[in-house]
Each structure stands twice: as structure tokens, then as C-alpha cells.
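# Residue-level structural notes
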4 protein chains.
Amino acid sequence: MSDPITAPALDFSNDPFARIPLVTPLNAAQMQTVGVPDGWHYGLADRVRFHELDALNHVNNVAYFRWFESIRIPFFAHYHVSSYTDDDPQVVLATNYARYFKPMHLGDNYVIATRCKSFRNTSFVMDYGVYVQGQLMCGSESVIVTLDQDGVTKRKLRDETVAAFMRDGAENAG
Amino acid sequence: MSDPITAPALDFSNDPFARIPLVTPLNAAQMQTVGVPDGWHYGLADRVRFHELDALNHVNNVAYFRWFESIRIPFFAHYHVSSYTDDDPQVVLATNYARYFKPMHLGDNYVIATRCKSFRNTSFVMDYGVYVQGQLMCGSESVIVTLDQDGVTKRKLRDETVAAFMRDGAENAG
Amino acid sequence: MSDPITAPALDFSNDPFARIPLVTPLNAAQMQTVGVPDGWHYGLADRVRFHELDALNHVNNVAYFRWFESIRIPFFAHYHVSSYTDDDPQVVLATNYARYFKPMHLGDNYVIATRCKSFRNTSFVMDYGVYVQGQLMCGSESVIVTLDQDGVTKRKLRDETVAAFMRDGAENAG
Amino acid sequence: MSDPITAPALDFSNDPFARIPLVTPLNAAQMQTVGVPDGWHYGLADRVRFHELDALNHVNNVAYFRWFESIRIPFFAHYHVSSYTDDDPQVVLATNYARYFKPMHLGDNYVIATRCKSFRNTSFVMDYGVYVQGQLMCGSESVIVTLDQDGVTKRKLRDETVAAFMRDGAENAG
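The model shown is predicted, which means the values in this text are computed figures rather than measured ones.

### Structural notes on the overall build of chain A
The helix and strand tally for chain A stands at 3 helices and 6 strands. Reading chain A from its N terminus to its C terminus gives the helix and strand order α-β-α-β-β-β-β-α-β. Looking at chain A alone, contacts between residues at least 24 apart form 63% of all its contacts between residues at least 6 apart.

Structural data, given as C-alpha cells:
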């Protein structure tokens, strides 16, 4: 056994994951170094934890929705949709959908990528993909609605948000 | 708003966290760059997610125990206690204890550090600390017992495990 | 304050929930006494816990999927789809979908109802509804595939499962 | 297979759990019918769900702390410690401790019992036990501190809270 005091953390020298940070927003170029296909501009890398497994010994179906939430919140801030402060719109999650392609296991390094797929004046559709070594393990979609702080009146998306969505290739479904 | 396509992930240039990986085992030197005190030899850095908050808007008391589990499993492998394979001992968590010092919030970067505090022939005590900018937010302790695969007979700790515990400063309470 | 030693649990005398058990499979008649509409034949009643709330102080979007799983497992046993024993098919959750209609809060009593909506030879669609006082708070759907224990070969639904699905009104989409 | 439309929920005629409600506060007499020993005056019965298991196929160590929280919140209301409204003290969980005696499995019916073990002017110790058929599966203790809404000034326990704690047998450690 290597000396736990002086040893480097782990040897990932052949693993491209060694060169990208986990749980830190990633851009397209960073994601592509670990096999995520073109077309995604915002992502997070992470590693499967024990508590995300269920009694069948693979990642539980529900854990994926926690991952999508964990990227959705910083995505909202980064694209100026909302930072959950007073002036910001209320963002309401109207729907959640996931399609599971392959099981995931303890210690898997993965990337969650997300983007706006299409938008209207006061709502938009988010796409999500979970990738392991370039393979899509789970695809997901959710509909987001933006409201005023009264929780009733629809609030228009900010111009800068719409511009950023369009730069990423989102469809204007207005 | 910066261009979400070409922008670097985020600017952490003044943040020492920018130079250490999240969710990857850290050694003492790495942890000390983000303020973790001397005496810890194994840690993980991570960032508080939305789902770890409760309705009081800080990290829920239960989330900390998930963090301690998330470091305990790779610690067991790294110190050759058990990798949950056929020949390995059964490791049984006998107790869990946590003392909460300060609340934690969304987006906080933290380090979970762990070590063996003391050991006997077939059991040991683990210590845990959660640090934010050098401050101890939560301290924890758990008692671990090692058994044969029959789940009854006590199993001695491996010599290499004991040696590594002692190098880290654990007390032989045999 | 009433004497906590001798007092009855709580006074629910005007609450129809006082007369139905929580976390115990319910039939159509039982569910209808708490406002669940006709057409559901299998349900569970439960009460929102603190850990199911998020920092916005309502039930988190992810918690609903845990609820659907918590009814799906006994539903599989009750309809003889699978009890996760050796001879049983592997049941694979292929998709998950939820539409959120109204927020839910701490202490809300609710019913989760589920049924088979339609089936083919080796797969079926499950419907779910979460009801509070007769109002649909969340609707959901998931696609289930049944495989042999090799995890590859498709396994036909049992005759008794198909018969029970049809009695409940499921569509044969064969 | 019984007809899922008309069948009663399940036959629990030999199971004393059939006569007590789940997830509803229970008094001492109710708990004793399912084997909980004398000395507990407030409890909740519930049933282990799939999502509470981990990859080792028993209830995960962390799930117990969620259970203790799930009873602590209504206990605080019932004993007038706090209902989390404006005038109420802030209740701060200072420590959490659990000792695990026996593993629990899917579908186990259990009772969580709690009580105040001892109290001072502005803090108290809570005891918890998880019982299955009269056996203690897990024992737990936590220290609670009550503060003013400023989050700093210590707030005295209400007289009625102290009186109720003493009726239950708590020690005045003032």
C-alpha cells in the first residue's frame, strides 16, 4: 500500500477526467475532452456516490433527477434566468422526463450536460444528458415556466437569456 | 453576460479551491492549501447542492452523514479495510455521531476530512471534520466493526491497514 | 396543552383521513372516501415529511419520484409482475415522467394512486396520480420493461398480471 | 391472485400493526400494543421503503436520521417547543448520535419513539428508539438548543413544555 500521507491523491494519468474539475461548470471544449458530443455548452462532471445506489446496486432512477436539479440551479444563474433573489422571476418546474439507457455504478465518472432546447416568451424546454465515456446513459427534458414574484403573472425571459439560448442553438418556438 | 459558449468555466483565480479537484481523494498538503488544519491525511472537497438544503435554507443535518459515508467508502478502499469484495471483511457501522457548529449554505465549497482516531483488533473509531475556509462546520465520529463474511465472527484488521492508521497518528487502543 | 401521556393521538374526527391507513395498500373504495376519482384501484396514503421539502418550502420535484417508486414496488408484488426473487422477471424502468400541477406542503395528507394504463407482451405503461382532497397535484407515467434474469431476453408478462391489468381497465396495446 | 379491484387492502388480521395507524402520532398505549416498552409517550409507526435501502440491501445508516427528524418536527409542535412560526424560538440541532443494533429490511413495520430525556433552561436532550416487534433496532440521542429569532440569544423553554417533559419522566438537569 502506498503511504497515505505523502502519496498523490490517485493516479489518473491515463484518464482524461484527471484534467477536468468535478462539480464546477464546464464549457463545450472541456466536455468534449471526456467524450461528450458537440452541441452541449454547459455541464458538470461528478462521480457516483454510494448513497445514489439502490438495493439493485446501480444508480437509482431518482438520483438522476437530483443531478439535473444540481445543474439546473447554476445554469439558471449563469444564463441569468434567475438567481432566486428578490427581483428575479419565479422559475417553476412544470414537467420532468427521463429516459434511462444504461445502468450506472459506484465510482463512475460522468458528465451532466444541459441546454435550452427551445423557448417561448415565458417558458422554455431544457434538455439534459448524462454521459460516461461518451455514452449517453440517461436523457432528460423538463419544461420551465417563469412567473412574477406573485406566482401567477407570466414573466418574459430576459433579452440576455434569450440571446444566450440562441447562441447555444435553442429553437425559438415563440 | 459572458458568452456561455467560449467562456472559461468560472473565474476562481483568487480562490484556492480553483486549484484543487472536487470529489477526488486529497492528501494532507492539498487540504492545507484550503485551510484544513494539520493532522488530516485523507479528504474530499465538494460543493453544497440545492437538494442538500432543507426548508430552513441551510444544509440539512442529515446531509452531513451522507458526506461522511461518501468519504468512508473510498477511505476503506484506500486503507485496505474493505472494498466490498468476496474476501473482504464485512464492515459494520456501529455508531454515528455529529456535532454541528455552523450552518452551511448553497454553493459553499467544503472539505470533508477523515482519519482513524483509534483502533483495536477488530474495530476502530473514525473521526470526520467538515471545513469551510479553515473553519470546522461539523465534527463527527463513528465506530466501525469488522466481521467475517458470516456476519458474526470478528475479523482482525489487516497489518497494512493498522500500519497506515498508525502512520496517520491513530492510537492503538488494543 | 393536552396531556401527552393519556391524550389520543390527534383529533381527526372531521378528517376522512382518520379512517384510512397510511402506507398500506388501499383499494378503490378506500381512496374514494378521500376524494380520489374513480378509475384507480391501487393506492397508498401518506403525509409530507420535512425532509421532502426543499429550500423553497414546498415538496421538492424529486420527492414525487421516490413516492412513485414506493408504490411501484408493492404494486409489482400485488399484480405478480415481480417480487424481486430468483424466478421473477427483471423489471426495468425505461422512462419516468411527471407533470406538476400544484405545490405541496409540510403535513399534507395525500394519496398516491397507480395503475397499468396500457400493456404489450413484454412491457407496460404505468400511470400515477398524487391527490390532496381530490385535487390532482402531480400526474406521472413510466414505461416498464420485463426481462429474463439474463437482463437481455424479453420476458412475457404473466397471464394473471395481464388479467388483473385488464380488470383495472388497462388497454391492450399488443 | 385475489381480485385487485374488490379485495381488502391486505390481510393483517394477525398483525397488531393492522390496528394502529402509520405516520400518525401514537401514545404510549398504542405503542405498547406493538411491543414498544414502557416509558415512551410519543411515537410514529411506519414501513421501510425501497429508497431507504442501500446497495447492501438493508436500511442505510443515514435513513434513521431522516426518521428521527420526521418525528422531531411534530414532537416540537405537540410539546409546544416550536411550530416554526414567527414568535417561536429557533430550535437548533446541536448534536446527533445513533447506535445501530440490528439491520432493517424492506417492508419492515417499525415504531420510532421519542422523548425528552433531560432538560436545562435553554436546551434539552432527546432520546429516540426504533422498534420492530419489540426489539430495539437503533437508539439515538440529540441535543437541542432553543434561541431567540436573532439566532444568538438563548430562549428559555416554555413552562408548558417543561411540565410536559416532566410528566413524561424527563430529568431536570438545570
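Read on for the rest.
### What to know about the packing of helix 2 (residues 61–78) of chain B against helix 2 (residues 61–78) of chain D
Packing of helix 2 of chain B against helix 2 of chain D brings their axes to within 9 Å, and their N-to-C directions diverge by 175°. As far as their axial angle goes, helix 2 of chain D and helix 2 of chain B are roughly antiparallel. On helix 2 of chain D, the residues touching Asn61, Val62, Phe65, Arg66, Glu69 and Arg72 of chain B of helix 2 of chain B are Asn61, Val62, Phe65, Arg66, Glu69 and Arg72 of chain D.

### Here's the deal with the side chain of Asn96 of chain C
Structurally, Asn96 of chain C can be placed in strand 2 (residues 90–100). Residue classification places Asn96 of chain C among the buried positions, given a relative accessible area of 1%. Separated by 3.0 Å, the side chains of Asn96 of chain C and Tyr100 of chain A make a polar contact. When residues no more than four places from it in sequence are discounted, the contact partners of Asn96 of chain C are Asn61, Phe65, Asn96, Tyr97, Ala98 and Tyr100 of chain A together with Phe65, Arg72, Glu141 and Ser142 of chain C.

### Some thoughts on the pairing of strand 5 (residues 135–147) of chain B
Residue and element names in this part refer to chain B. Pairing of strand 2 (residues 90–100) with strand 5 involves 10 bridges; the strand directions are antiparallel. Residue pairing for strand 5: Thr95 is matched across the bridge by Val143. The pairing of strand 4 (residues 123–132) with strand 5 spans 10 bridges and is classified as antiparallel. Paired with Tyr128 across the bridge in strand 5 is Ser140. Counting the residues that bridge the hairpin from strand 4 to strand 5 gives 2 residues, and of these Gln133 lies at a positive phi of roughly 45°.

### Regarding the confidence of the model for chain A
All names here are of chain A. Here chain A averages 89 in pLDDT, and 87% of its residues register 70 or above. In this model residues 1–12 is a low-confidence stretch, pLDDT under 50, and it forms 32 contacts with partners more than four residues away in sequence or in other chains. Interface scoring of the predicted complex returns ipTM 0.89; its pTM is 0.91.

### Quick word on the side chain of Asn60 of chain B
Among the secondary structure elements, Asn60 of chain B is positioned in the loop between strand 1 (42–47) and helix 2. Non-local contacts of Asn60 of chain B, meaning those with residues more than four positions away in its chain, are made with Glu52, Leu53 and Asp54 of chain B, Phe50 of chain C together with Glu69 of chain D.

### Concerning the pairing of strand 4 of chain B
Most of strand 4 of chain B is tucked away, with 10 of its 10 residues classed as buried. By the alternation rule, side chains of strand 4 of chain B split into Ser123, Val125, Asp127, Gly129 and Tyr131 of chain B and Phe124, Met126, Tyr128, Val130 and Val132 of chain B, which are all buried.

### Looking at helix 2 (residues 61–78) of chain C
All names here are of chain C. Its 18 residues give helix 2 an end-to-end C-alpha distance of 27 Å, which sits within 8% of 26 Å, the value for a rise of 1.5 Å per residue. With respect to burial, helix 2 is a largely interior element, 16 of its 18 residues being buried. For helix 2, the N-terminal cap is Asn60; the gap from its side-chain oxygen to the backbone nitrogen of Val62 is 2.9 Å. One or two positions beyond helix 2, positive phi appears at His80, with a value near 55°.

### Observations concerning the pattern of salt bridges
On inspection of all chains with the given rule, the structure shows 24 salt bridges over all chains. The residue Arg158 of chain D makes a salt bridge to Asp88 of chain D at a minimum N-O spacing of 2.8 Å. Of the two residues, Arg158 of chain D is situated in the loop between strand 5 (135–147) and helix 3 (159–167) and Asp88 of chain D in the loop between helix 2 and strand 2 (90–100); the sequence distance between them amounts to 70 residues. Since its relative accessible area comes to 30%, Arg158 of chain D is described here as partly exposed. Its salt-bridge partner being Arg155 of chain D, residue Asp148 of chain D comes within 2.5 Å of it at the nearest N-O pair. Accessibility expressed as a relative area gives 22% for Asp148 of chain D, which makes it partly exposed. You can call Arg155 of chain D partly exposed: its relative accessible area is 23%. Put simply, Asp46 and Arg49 of chain A together with Asp46 and Arg49 of chain B are held in one network by salt bridges that share partners.

### Examining unusual backbone geometry
A negative phi angle is the norm for most residues apart from glycine, just as the trans form is the norm for most peptide bonds. Of note in the backbone geometry, Asn57 of chain A takes a positive phi value of approximately 70° without being a glycine. Tracing the backbone shows Asn57 of chain A in the loop between strand 1 (42–47) and helix 2 (61–78). Residue His80 of chain C is not a glycine yet carries a positive backbone phi of 55°. Inspection of the secondary structure puts His80 of chain C in the loop between helix 2 and strand 2. The exposure class of His80 of chain C is partly exposed, given its relative accessible area of 30%.

### Brief notes about the environment of Asp88 of chain B
All names here are of chain B. On the accessibility criterion, Asp88 (5% relative accessible area) is buried. For the pair formed by Asp88 and Asp148, sequence separation is 60 residues and the distance between their alpha carbons is 7.8 Å. At 2.7 Å, the side chain of Asp88 and the side chain of Thr85 are in polar contact.

### Description of the packing of aromatic side chains
Per the stated rule, a full pass over the model turns up 61 aromatic pairs over all chains. Their ring planes at 40° and their centres at 4.7 Å tell us that Phe68 of chain B and Tyr128 of chain B sit as a pair that is tilted. Here Phe68 of chain B, found in helix 2, pairs with Tyr128 of chain B, found in strand 4; they are 60 residues apart in sequence, far enough to count as distant. By relative accessible area, which is 3% here, Tyr128 of chain B ends up buried. Geometrically, the ring pair formed by Tyr64 of chain C and Tyr100 of chain C is edge-to-face, given 5.3 Å between the ring centres and 65° between the ring planes. Taken together, the residues span a long stretch of sequence, with Tyr64 of chain C in helix 2 and Tyr100 of chain C in strand 2 at a distance of 36 residues.

### A look at the environment of Leu136 of chain A
Residue and element names in this part refer to chain A. Mapped onto the elements of the fold, Leu136 is located in strand 5 (residues 135–147). Note: C-alpha distance between Leu136 and Asp54 (82 residues apart in sequence) is 21 Å. Non-local contacts of Leu136, meaning those with residues more than four positions away in its chain, are made with Phe101, Gly129, Val130 and Tyr131.

### Describing the state of the cysteines
All told, the structure shown has 0 disulfides over all chains when counted by the stated rule. Counting only cysteine sulfurs, Cys138 of chain A is the nearest neighbor of Cys138 of chain C, a cysteine outside any disulfide, at a range of 17 Å.

### Some details on the environment of Ala94 of chain D
With respect to the secondary-structure elements, Ala94 of chain D resides in strand 2. The buried category is assigned to Ala94 of chain D, whose relative accessible area is 12%. In this structure, the C-alpha to C-alpha distance between Ala94 of chain D and Leu106 of chain D, residues 12 residues apart in sequence, is 31 Å. If we skip the residues at most four places from it in the chain, Ala94 of chain D touches Ala98, Arg99 and Tyr100 of chain B together with Val143 and Val145 of chain D.

Conventions used here
- Residues numbered from 1 in each chain as written.
- Chains lettered and ligands numbered in written order.
- Predicted model: local features only at pLDDT ≥ 70, side-chain atom pairs only at ≥ 80, totals over all residues.
- Heavy atoms only, no water.
- Helix = DSSP H or I, 4+ residues; strand = E, 2+ residues; numbered from the N terminus.
- Contact = heavy atoms within 4.5 Å.
- Axes fitted to C-alpha atoms, helices over the stretch in contact; angles between N-to-C directions.
- Parallel < 35°, antiparallel > 145°, perpendicular 65-115°, else oblique.
- Buried < 20%, exposed > 50% of the residue type's maximum accessible area, 1.4 Å probe, protein only.
- Polar contact = N/O pair within 3.5 Å; in protein donor to acceptor, adjacent residues only side chain to side chain.
- Pairing = 2+ DSSP bridges.
- pLDDT = per-residue confidence, 0-100.
- Expected span 1.5 Å × (residues − 1).
- Salt bridge = Lys/Arg side-chain N within 4 Å of Asp/Glu carboxyl O.
- Phe/Tyr/Trp six-rings, centres within 6.5 Å; stacked < 30°, edge-to-face > 60°.
- Disulfide = S-S within 2.5 Å.

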